[in-house]
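Read off the chains here:
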Amino acid sequence: MPQLDLRIPTSAQEVSDTTRQAAGWFDSHWQEWLAGGVRIVFIIVLALVLRAVVRKLITQLIARMTRPHESEDEPGRLGGLLANTGVVNPERRQQRSEAIGSVLRSVASFTILGTAALMVLAALGVNLAPLLASAGVAGVAIGFGARNLVTDFLSGVFMIMEDQYGVGDEIDTGVATGTVLEVGLRVTKLRGANGEIWYIRNGEVKRIANMSQGWSTASVDVQIGYKEDLVRVEALIKETAETLAKEAPFDELVWAPVSILGVESVAADSVVLRVEARTAPGKSLTVARALRQRLKAAFDLAGIKVKEEVVPAGAAGAAAGTAAAAVVLTTATAPAPTDAAPPSALADPASPRYLATAPIPAPVRPADDAGVKSP
(Lines give C-alpha, C1' and ligand atoms only; values in the text may rest on other atoms or scores of the structure.)
Protein backbone atom coordinates (compact mmCIF):
# COMPACT_ATOMS: atom_id res chain seq x y z
CA MET A 1 0.00 0.00 0.00
CA PRO A 2 1.61 3.30 -1.01
CA GLN A 3 2.41 5.82 1.65
CA LEU A 4 0.95 9.29 1.38
CA ASP A 5 3.29 12.23 1.48
CA LEU A 6 1.72 14.74 3.84
CA ARG A 7 4.27 17.52 3.18
CA ILE A 8 2.95 20.76 1.77
CA PRO A 9 3.94 20.87 -1.90
CA THR A 10 6.17 23.78 -2.87
CA SER A 11 6.25 23.37 -6.64
CA ALA A 12 3.92 22.55 -9.48
CA GLN A 13 5.54 19.17 -9.92
CA GLU A 14 4.96 18.27 -6.29
CA VAL A 15 1.35 19.42 -6.54
CA SER A 16 0.84 17.26 -9.58
CA ASP A 17 2.44 14.26 -7.91
CA THR A 18 0.38 14.71 -4.77
CA THR A 19 -2.82 14.96 -6.78
CA ARG A 20 -2.02 11.79 -8.68
CA GLN A 21 -1.26 9.94 -5.43
CA ALA A 22 -4.54 11.06 -3.84
CA ALA A 23 -6.51 10.07 -6.90
CA GLY A 24 -4.80 6.70 -7.01
CA TRP A 25 -5.38 6.10 -3.33
CA PHE A 26 -9.06 7.07 -3.65
CA ASP A 27 -9.44 4.89 -6.76
CA SER A 28 -8.00 1.90 -4.94
CA HIS A 29 -10.15 2.33 -1.82
CA TRP A 30 -13.56 3.58 -2.98
CA GLN A 31 -14.82 0.09 -3.62
CA GLU A 32 -13.82 -0.95 -0.10
CA TRP A 33 -15.53 2.12 1.32
CA LEU A 34 -18.66 1.45 -0.66
CA ALA A 35 -18.74 -2.16 0.44
CA GLY A 36 -18.25 -1.15 4.10
CA GLY A 37 -20.97 1.49 3.86
CA VAL A 38 -23.39 -0.95 2.29
CA ARG A 39 -22.54 -3.50 4.99
CA ILE A 40 -23.14 -0.93 7.76
CA VAL A 41 -26.46 0.16 6.25
CA PHE A 42 -27.52 -3.45 5.86
CA ILE A 43 -26.63 -4.19 9.50
CA ILE A 44 -28.59 -1.17 10.77
CA VAL A 45 -31.64 -1.90 8.62
CA LEU A 46 -31.58 -5.58 9.56
CA ALA A 47 -31.31 -4.70 13.28
CA LEU A 48 -34.23 -2.28 13.09
CA VAL A 49 -36.40 -4.76 11.19
CA LEU A 50 -35.49 -7.59 13.56
CA ARG A 51 -36.21 -5.37 16.56
CA ALA A 52 -39.64 -4.43 15.20
CA VAL A 53 -40.50 -8.08 14.45
CA VAL A 54 -39.37 -9.27 17.89
CA ARG A 55 -41.32 -6.52 19.67
CA LYS A 56 -44.41 -7.41 17.66
CA LEU A 57 -44.05 -11.09 18.52
CA ILE A 58 -43.60 -10.26 22.21
CA THR A 59 -46.75 -8.13 22.17
CA GLN A 60 -48.79 -10.91 20.54
CA LEU A 61 -47.36 -13.53 22.89
CA ILE A 62 -48.22 -11.48 25.98
CA ALA A 63 -51.72 -10.82 24.66
CA ARG A 64 -52.24 -14.54 24.03
CA MET A 65 -50.90 -15.50 27.46
CA THR A 66 -53.12 -12.91 29.14
CA ARG A 67 -56.30 -13.77 27.25
CA PRO A 68 -58.33 -16.48 29.08
CA HIS A 69 -59.24 -19.57 27.12
CA GLU A 70 -62.73 -19.87 25.74
CA SER A 71 -63.25 -23.16 27.56
CA GLU A 72 -62.21 -22.82 31.20
CA ASP A 73 -62.34 -26.59 31.66
CA GLU A 74 -59.69 -27.22 28.95
CA PRO A 75 -57.25 -24.29 28.90
CA GLY A 76 -54.51 -24.16 26.29
CA ARG A 77 -50.80 -24.18 26.95
CA LEU A 78 -50.40 -20.43 26.64
CA GLY A 79 -53.97 -19.23 26.94
CA GLY A 80 -54.75 -18.19 30.49
CA LEU A 81 -51.17 -18.51 31.74
CA LEU A 82 -51.24 -14.96 32.99
CA ALA A 83 -55.01 -14.66 33.24
CA ASN A 84 -55.52 -16.12 36.74
CA THR A 85 -59.23 -16.43 36.09
CA GLY A 86 -61.30 -15.79 39.19
CA VAL A 87 -58.45 -14.13 41.05
CA VAL A 88 -57.41 -11.02 39.14
CA ASN A 89 -59.75 -8.62 37.38
CA PRO A 90 -59.27 -7.67 33.68
CA GLU A 91 -57.79 -4.25 34.49
CA ARG A 92 -55.21 -5.85 36.74
CA ARG A 93 -54.32 -8.38 34.03
CA GLN A 94 -53.93 -5.55 31.52
CA GLN A 95 -51.52 -3.64 33.77
CA ARG A 96 -49.55 -6.78 34.46
CA SER A 97 -49.25 -7.71 30.78
CA GLU A 98 -48.09 -4.20 29.89
CA ALA A 99 -45.38 -4.36 32.57
CA ILE A 100 -44.14 -7.78 31.42
CA GLY A 101 -44.24 -6.76 27.77
CA SER A 102 -42.31 -3.58 28.49
CA VAL A 103 -39.55 -5.51 30.26
CA LEU A 104 -39.25 -8.12 27.49
CA ARG A 105 -39.26 -5.50 24.73
CA SER A 106 -36.56 -3.50 26.51
CA VAL A 107 -34.36 -6.59 26.89
CA ALA A 108 -34.85 -7.55 23.24
CA SER A 109 -34.08 -4.04 22.00
CA PHE A 110 -30.93 -3.81 24.12
CA THR A 111 -29.66 -7.18 22.87
CA ILE A 112 -30.38 -6.56 19.19
CA LEU A 113 -29.12 -2.97 19.04
CA GLY A 114 -26.04 -3.80 21.13
CA THR A 115 -25.09 -6.63 18.78
CA ALA A 116 -25.67 -4.39 15.75
CA ALA A 117 -23.43 -1.70 17.25
CA LEU A 118 -20.60 -4.19 17.69
CA MET A 119 -21.02 -5.41 14.09
CA VAL A 120 -20.89 -1.83 12.82
CA LEU A 121 -17.66 -1.19 14.72
CA ALA A 122 -16.20 -4.37 13.23
CA ALA A 123 -17.21 -3.20 9.74
CA LEU A 124 -15.40 0.08 10.35
CA GLY A 125 -12.23 -1.81 11.10
CA VAL A 126 -12.20 -1.30 14.85
CA ASN A 127 -10.44 -4.08 16.75
CA LEU A 128 -13.08 -5.46 19.11
CA ALA A 129 -10.77 -7.74 21.10
CA PRO A 130 -9.57 -5.06 23.55
CA LEU A 131 -13.09 -3.63 23.76
CA LEU A 132 -14.65 -6.99 24.54
CA ALA A 133 -11.91 -7.81 27.04
CA SER A 134 -12.41 -4.49 28.80
CA ALA A 135 -16.16 -4.95 28.75
CA GLY A 136 -15.77 -8.41 30.25
CA VAL A 137 -13.56 -7.16 33.08
CA ALA A 138 -15.89 -4.21 33.69
CA GLY A 139 -18.89 -6.56 33.65
CA VAL A 140 -17.32 -8.80 36.27
CA ALA A 141 -16.43 -5.82 38.47
CA ILE A 142 -19.89 -4.32 38.10
CA GLY A 143 -21.44 -7.73 38.75
CA PHE A 144 -19.61 -8.05 42.06
CA GLY A 145 -20.28 -4.47 43.06
CA ALA A 146 -23.91 -4.38 41.95
CA ARG A 147 -25.00 -7.92 42.77
CA ASN A 148 -27.74 -6.55 45.04
CA LEU A 149 -29.02 -4.44 42.17
CA VAL A 150 -29.11 -7.48 39.89
CA THR A 151 -30.90 -9.47 42.60
CA ASP A 152 -33.48 -6.72 43.05
CA PHE A 153 -34.02 -6.50 39.30
CA LEU A 154 -34.50 -10.25 38.82
CA SER A 155 -36.78 -10.46 41.85
CA GLY A 156 -38.88 -7.61 40.48
CA VAL A 157 -39.19 -9.33 37.10
CA PHE A 158 -40.39 -12.58 38.67
CA MET A 159 -42.78 -10.74 41.02
CA ILE A 160 -44.42 -9.08 38.04
CA MET A 161 -44.52 -12.25 35.94
CA GLU A 162 -45.98 -14.34 38.77
CA ASP A 163 -48.39 -11.54 39.74
CA GLN A 164 -47.51 -11.78 43.42
CA TYR A 165 -49.04 -8.35 44.05
CA GLY A 166 -50.05 -5.19 42.23
CA VAL A 167 -50.93 -1.55 42.79
CA GLY A 168 -53.72 -1.22 45.34
CA ASP A 169 -53.15 -4.60 47.01
CA GLU A 170 -52.85 -4.94 50.78
CA ILE A 171 -49.73 -7.00 51.42
CA ASP A 172 -47.47 -8.10 54.27
CA THR A 173 -43.81 -8.40 53.28
CA GLY A 174 -42.56 -9.40 56.72
CA VAL A 175 -40.75 -6.12 57.28
CA ALA A 176 -43.69 -3.84 56.47
CA THR A 177 -47.43 -4.04 55.90
CA GLY A 178 -49.49 -1.65 53.81
CA THR A 179 -51.11 -0.80 50.50
CA VAL A 180 -49.00 -1.06 47.35
CA LEU A 181 -48.51 2.35 45.72
CA GLU A 182 -45.96 1.46 43.08
CA VAL A 183 -44.32 -1.73 41.81
CA GLY A 184 -40.90 -1.28 40.23
CA LEU A 185 -38.23 -3.64 39.03
CA ARG A 186 -35.98 -2.65 41.93
CA VAL A 187 -38.16 -1.11 44.67
CA THR A 188 -41.75 -1.58 45.83
CA LYS A 189 -43.49 1.39 47.49
CA LEU A 190 -46.04 0.77 50.28
CA ARG A 191 -48.36 3.06 52.23
CA GLY A 192 -48.49 1.98 55.88
CA ALA A 193 -51.47 2.04 58.24
CA ASN A 194 -50.26 5.29 59.87
CA GLY A 195 -49.64 7.03 56.55
CA GLU A 196 -45.92 6.30 56.32
CA ILE A 197 -44.37 5.24 53.00
CA TRP A 198 -42.13 2.17 52.89
CA TYR A 199 -39.52 1.65 50.15
CA ILE A 200 -38.72 -2.07 50.04
CA ARG A 201 -36.07 -3.59 47.80
CA ASN A 202 -37.47 -6.53 45.89
CA GLY A 203 -34.42 -8.65 46.57
CA GLU A 204 -34.92 -8.33 50.35
CA VAL A 205 -38.48 -9.71 50.31
CA LYS A 206 -38.46 -13.34 51.45
CA ARG A 207 -42.22 -13.87 51.81
CA ILE A 208 -45.33 -11.99 50.74
CA ALA A 209 -48.87 -12.30 52.09
CA ASN A 210 -51.41 -10.75 49.72
CA MET A 211 -54.70 -9.92 51.46
CA SER A 212 -56.35 -8.54 48.31
CA GLN A 213 -56.39 -11.51 45.95
CA GLY A 214 -59.18 -14.06 45.72
CA TRP A 215 -61.37 -13.52 48.80
CA SER A 216 -61.13 -12.64 52.48
CA THR A 217 -62.67 -14.09 55.63
CA ALA A 218 -64.57 -12.01 58.17
CA SER A 219 -64.32 -13.69 61.59
CA VAL A 220 -66.49 -12.56 64.51
CA ASP A 221 -66.47 -13.99 68.06
CA VAL A 222 -69.95 -13.65 69.61
CA GLN A 223 -70.12 -13.77 73.41
CA ILE A 224 -73.37 -14.79 75.12
CA GLY A 225 -74.39 -15.64 78.67
CA TYR A 226 -73.71 -19.11 80.00
CA LYS A 227 -77.41 -19.89 80.56
CA GLU A 228 -78.62 -18.70 77.14
CA ASP A 229 -80.19 -21.17 74.70
CA LEU A 230 -77.56 -21.88 72.02
CA VAL A 231 -80.12 -23.06 69.46
CA ARG A 232 -82.08 -19.82 69.81
CA VAL A 233 -78.93 -17.72 69.66
CA GLU A 234 -77.63 -19.48 66.52
CA ALA A 235 -80.95 -19.01 64.77
CA LEU A 236 -80.90 -15.30 65.63
CA ILE A 237 -77.31 -14.95 64.37
CA LYS A 238 -78.17 -16.61 61.04
CA GLU A 239 -81.25 -14.44 60.60
CA THR A 240 -79.30 -11.27 61.34
CA ALA A 241 -76.45 -12.25 59.01
CA GLU A 242 -78.82 -13.11 56.16
CA THR A 243 -80.56 -9.77 56.54
CA LEU A 244 -77.21 -7.99 56.43
CA ALA A 245 -76.10 -9.88 53.31
CA LYS A 246 -79.24 -8.80 51.41
CA GLU A 247 -78.79 -5.08 52.04
CA ALA A 248 -76.60 -2.73 50.03
CA PRO A 249 -73.63 -2.41 49.92
CA PHE A 250 -73.06 -5.68 51.76
CA ASP A 251 -74.90 -7.67 49.09
CA GLU A 252 -71.76 -7.22 46.91
CA LEU A 253 -69.26 -7.64 49.74
CA VAL A 254 -70.53 -10.92 51.23
CA TRP A 255 -69.73 -13.70 48.77
CA ALA A 256 -70.97 -16.73 50.74
CA PRO A 257 -73.57 -17.40 53.47
CA VAL A 258 -72.41 -16.74 57.01
CA SER A 259 -71.48 -19.95 58.80
CA ILE A 260 -71.45 -20.63 62.54
CA LEU A 261 -68.45 -22.81 63.34
CA GLY A 262 -69.61 -23.57 66.89
CA VAL A 263 -68.49 -22.94 70.44
CA GLU A 264 -65.03 -21.39 70.58
CA SER A 265 -64.62 -21.21 74.37
CA VAL A 266 -66.61 -21.70 77.59
CA ALA A 267 -66.21 -19.67 80.79
CA ALA A 268 -68.03 -19.57 84.13
CA ASP A 269 -70.27 -16.71 83.02
CA SER A 270 -70.21 -16.76 79.20
CA VAL A 271 -69.90 -18.80 76.00
CA VAL A 272 -68.13 -17.61 72.82
CA LEU A 273 -69.38 -18.62 69.35
CA ARG A 274 -67.21 -18.28 66.22
CA VAL A 275 -68.95 -16.84 63.13
CA GLU A 276 -67.26 -16.56 59.71
CA ALA A 277 -68.22 -15.13 56.32
CA ARG A 278 -66.42 -15.09 52.96
CA THR A 279 -66.13 -11.53 51.68
CA ALA A 280 -64.63 -9.54 48.84
CA PRO A 281 -60.86 -9.03 49.03
CA GLY A 282 -59.90 -6.42 51.62
CA LYS A 283 -63.48 -6.02 52.92
CA SER A 284 -63.39 -8.47 55.84
CA LEU A 285 -63.03 -5.77 58.51
CA THR A 286 -65.93 -3.76 57.08
CA VAL A 287 -68.24 -6.76 57.08
CA ALA A 288 -67.11 -7.87 60.56
CA ARG A 289 -67.79 -4.45 62.08
CA ALA A 290 -71.24 -4.24 60.48
CA LEU A 291 -72.11 -7.76 61.64
CA ARG A 292 -71.10 -6.98 65.23
CA GLN A 293 -73.28 -3.87 65.22
CA ARG A 294 -76.30 -5.79 63.89
CA LEU A 295 -75.84 -8.62 66.37
CA LYS A 296 -75.64 -6.19 69.28
CA ALA A 297 -78.94 -4.58 68.26
CA ALA A 298 -80.56 -8.00 67.74
CA PHE A 299 -79.41 -9.26 71.15
CA ASP A 300 -80.73 -6.17 72.89
CA LEU A 301 -84.09 -6.59 71.17
CA ALA A 302 -84.28 -10.31 72.02
CA GLY A 303 -83.08 -9.84 75.62
CA ILE A 304 -80.02 -12.05 75.23
CA LYS A 305 -77.33 -11.42 77.79
CA VAL A 306 -73.68 -11.41 76.83
CA LYS A 307 -72.57 -12.30 80.36
CA GLU A 308 -74.12 -13.86 83.47
CA GLU A 309 -73.98 -12.03 86.80
CA VAL A 310 -71.96 -14.25 89.13
CA VAL A 311 -71.94 -13.27 92.86
CA PRO A 312 -68.54 -13.79 94.52
CA ALA A 313 -68.26 -16.25 97.43
CA GLY A 314 -67.44 -13.54 100.01
CA ALA A 315 -70.37 -11.45 98.95
CA ALA A 316 -72.64 -14.51 99.12
CA GLY A 317 -71.51 -15.26 102.69
CA ALA A 318 -72.09 -11.67 103.74
CA ALA A 319 -75.53 -11.74 102.15
CA ALA A 320 -76.34 -14.98 103.98
CA GLY A 321 -75.21 -13.47 107.30
CA THR A 322 -77.30 -10.38 106.70
CA ALA A 323 -80.31 -12.54 105.93
CA ALA A 324 -79.78 -14.58 109.10
CA ALA A 325 -79.47 -11.43 111.19
CA ALA A 326 -82.63 -10.12 109.64
CA VAL A 327 -84.40 -13.35 110.54
CA VAL A 328 -83.19 -13.16 114.16
CA LEU A 329 -84.17 -9.51 114.42
CA THR A 330 -87.58 -10.26 113.00
CA THR A 331 -88.03 -13.13 115.44
CA ALA A 332 -86.97 -11.01 118.41
CA THR A 333 -89.24 -8.11 117.55
CA ALA A 334 -92.22 -10.25 116.61
CA PRO A 335 -95.02 -10.44 119.21
CA ALA A 336 -95.11 -13.61 121.27
CA PRO A 337 -98.00 -15.97 120.53
CA THR A 338 -100.61 -16.64 123.17
CA ASP A 339 -99.47 -20.21 123.78
CA ALA A 340 -95.80 -19.31 124.27
CA ALA A 341 -93.72 -21.25 126.85
CA PRO A 342 -93.26 -19.77 130.37
CA PRO A 343 -90.18 -17.61 130.85
CA SER A 344 -86.96 -19.21 132.02
CA ALA A 345 -85.81 -19.02 135.63
CA LEU A 346 -82.92 -16.93 134.45
CA ALA A 347 -85.39 -14.17 133.74
CA ASP A 348 -86.00 -13.76 137.55
CA PRO A 349 -83.18 -11.71 139.05
CA ALA A 350 -83.81 -13.20 142.48
CA SER A 351 -83.55 -16.84 141.41
CA PRO A 352 -80.41 -18.83 142.35
CA ARG A 353 -79.77 -19.72 138.71
CA TYR A 354 -79.78 -16.06 137.71
CA LEU A 355 -77.42 -15.20 140.55
CA ALA A 356 -75.10 -18.04 139.54
CA THR A 357 -74.63 -16.46 136.16
CA ALA A 358 -73.42 -13.20 137.67
CA PRO A 359 -69.74 -12.47 137.01
CA ILE A 360 -67.27 -13.22 139.78
CA PRO A 361 -66.03 -9.97 141.34
CA ALA A 362 -62.32 -9.22 141.05
CA PRO A 363 -60.30 -9.71 144.30
CA VAL A 364 -59.38 -6.61 146.27
CA ARG A 365 -55.61 -6.18 146.68
CA PRO A 366 -54.11 -5.20 150.04
CA ALA A 367 -52.92 -1.66 150.55
CA ASP A 368 -49.23 -2.72 150.48
CA ASP A 369 -49.69 -4.44 147.15
CA ALA A 370 -51.32 -1.33 145.80
CA GLY A 371 -48.16 0.67 146.55
CA VAL A 372 -49.64 2.60 149.56
CA LYS A 373 -47.39 2.68 152.70
CA SER A 374 -48.98 2.22 156.15
CA PRO A 375 -48.40 5.03 158.65
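What you are looking at is a predicted structure, and each value in this text was computed from that prediction instead of being measured.

A. Molecular detail of the overall build of the protein. In terms of regular secondary structure, the protein is built from nine helices and eight strands. Buried positions account for 25% of the 375 residues belonging to the protein. Sequence-distant contacts, at least 24 apart, represent 60% of the contacts inside the protein between residues at least 6 apart.

B. Structural context of helix α4 (residues 147–161). Its 15 residues give α4 an end-to-end C-alpha distance of 21 Å, which sits within 8% of 21 Å, the value for a rise of 1.5 Å per residue. If you check which residues of α4 are buried, you get D152, G156, V157, M159 and I160. Projected down its long axis, α4 carries its buried residues within an arc of 165°, all on one side. D163, located one to two residues past α4, shows a positive phi value of around 55°.

C. Broad picture of empty space enclosed by the protein. Summed over the entire model, instances satisfying the criterion amount to one cavity of 30 Å³ or more. For the largest cavity, the calculated volume is near 30 Å³. Taken together, A99, I100, V103, L104, V157, I160 and M161 make up the full set of residues lining the largest cavity. Listing elements by their share of the lining of the largest cavity, those giving two or more residues are α2 (90–123) and α4. Counted by class, the lining of the largest cavity contains seven nonpolar, no polar and no charged residues.

D. Representation of helix α7 (residues 284–302). Taking 1.5 Å of rise per residue, 19 residues should cover 27 Å, and α7 covers 26 Å from first to last C-alpha, within 8% of that figure. Inspection of α7 places S284, V287, A288, A290, L291, L295, A298 and F299 among the buried residues, and these make up the whole buried set. Taken together, the buried residues of α7 touch β6 (216–225), α5 (230–245), α6 (250–253) and β8 (270–279).

E. Structural context of the sheet that holds strand β7 (residues 259–266). Within the open sheet, the three strands sit side by side as β6-β8-β7. Their pairing is antiparallel. Strand pairing shows two members of the sheet lacking a second neighbour, β6 and β7, which therefore form its edges. Between one strand axis and the next, the sheet turns through 25° on average, direction left out of account. As paired strands, β7 and β8 are joined by six bridges and run antiparallel to one another.

F. Here's a closer look at the nonpolar core. Core analysis: the largest hydrophobic core is formed by 25 residues, its most contacted members being V222, I224, V233, I237, F250, L291 and F299. Broken down by element, this core gets its largest block of residues, seven residues, from α7. Judged by nonpolar contacts, the second largest core, of eight residues, contains M159, I171, A176 and I200.

G. How the structure looks around the side chain of S270. Within the element layout of this structure, S270 appears in strand β8. Overall, S270 belongs to the buried group, its relative accessible area being 8%. The residues contacting S270, other than those within four sequence positions of it, are Q223, I224, G225, Y226 and V306.

H. Region of interest: the pattern of salt bridges. This structure, assessed with the given rule, holds eight salt bridges. Here K307 makes a salt bridge to D269, at a shortest N to O gap of 3.5 Å. You can see K307 sitting in the loop between α7 and α8 (313–333) and its partner D269 sitting in the loop between β7 and β8, a full 38 residues away along the chain. Salt bridges sharing common partners tie together D152, R201 and E204.

I. Focus on a nonpolar patch on the surface. There is a patch of nonpolar side chains on the surface, built from V41, V45, V49, V53 and L57 and spanning about 420 Å² of accessible area. Tracing the chain through its elements places V41 in helix α1 (residues 12–66).

Conventions used here
- In this numbering scheme, every chain counts its residues from 1 along its sequence in written order.
- Owing to the predicted nature of the model, reporting of local features is limited to residues with pLDDT of at least 70; listing and counting of side-chain atom pairs is limited to 80 or more, with chain, interface and lining totals taken over all residues.
- The side-chain values count all of the structure's non-hydrogen atoms but skip hydrogen atoms and water molecules.
- Per the convention used, a helix needs a DSSP run of H or I reaching at least four residues, while a strand needs a run of E reaching at least two, with both numbered from the N terminus.
- Remark: exposure states derive from per-residue accessible area (1.4 Å probe, protein chains only) relative to the maximum for the residue type, with buried under 20%, exposed over 50%, and partly exposed in between.
- Any two residues having at least one pair of non-hydrogen atoms within 4.5 Å are treated as being in contact.
- Expected span of a helix: the number of residues minus one, times 1.5 Å.
- Directions are taken from the helix axis to each C-beta atom, and the arc is the one they span.
- Put plainly, a pocket is an open set of points on a 1 Å grid over the protein atoms alone with protein on both sides within 12 Å along at least five of seven lines, a cavity is a set where a 1.4 Å probe fits but cannot get out, and a lining residue has an atom within 4 Å of a point.
- Grid points are joined across faces, edges and corners, and a volume is the space filled by probe spheres set on the points.
- For this classification, Asp, Glu, Lys and Arg are treated as charged, while Ala, Val, Leu, Ile, Met, Phe, Trp, Tyr, Cys and Pro are nonpolar and the rest, including Gly, are polar.
- Strands were regarded as paired on the criterion that DSSP finds at least two bridges between them.
- The axes used here are C-alpha line fits, helices contributing only the stretch in contact, and every angle between their N-to-C directions lies in the interval 0 to 180 degrees.
- Take the buried residues of types Ala, Val, Leu, Ile, Met, Phe, Trp, Tyr and Cys, join any two whose side-chain atoms come within 4.5 Å, and each joined set is a nonpolar core.
- By definition, a salt bridge exists where a carboxyl oxygen of Asp or Glu is found within 4 Å of a side-chain nitrogen of Lys or Arg.
- Every patch collects residues that have over 30% relative accessible area and no salt bridge, joining them within 9 Å if they carry like charges and within 5 Å if they are nonpolar side chains (Val, Leu, Ile, Met, Phe, Trp, Tyr).
- To measure how exposed things are, a 1.4 Å probe is used in the Shrake-Rupley method; for residues, cover is taken only from the protein chains shown.

Scope: geometric values only; no functional claims are made or implied.
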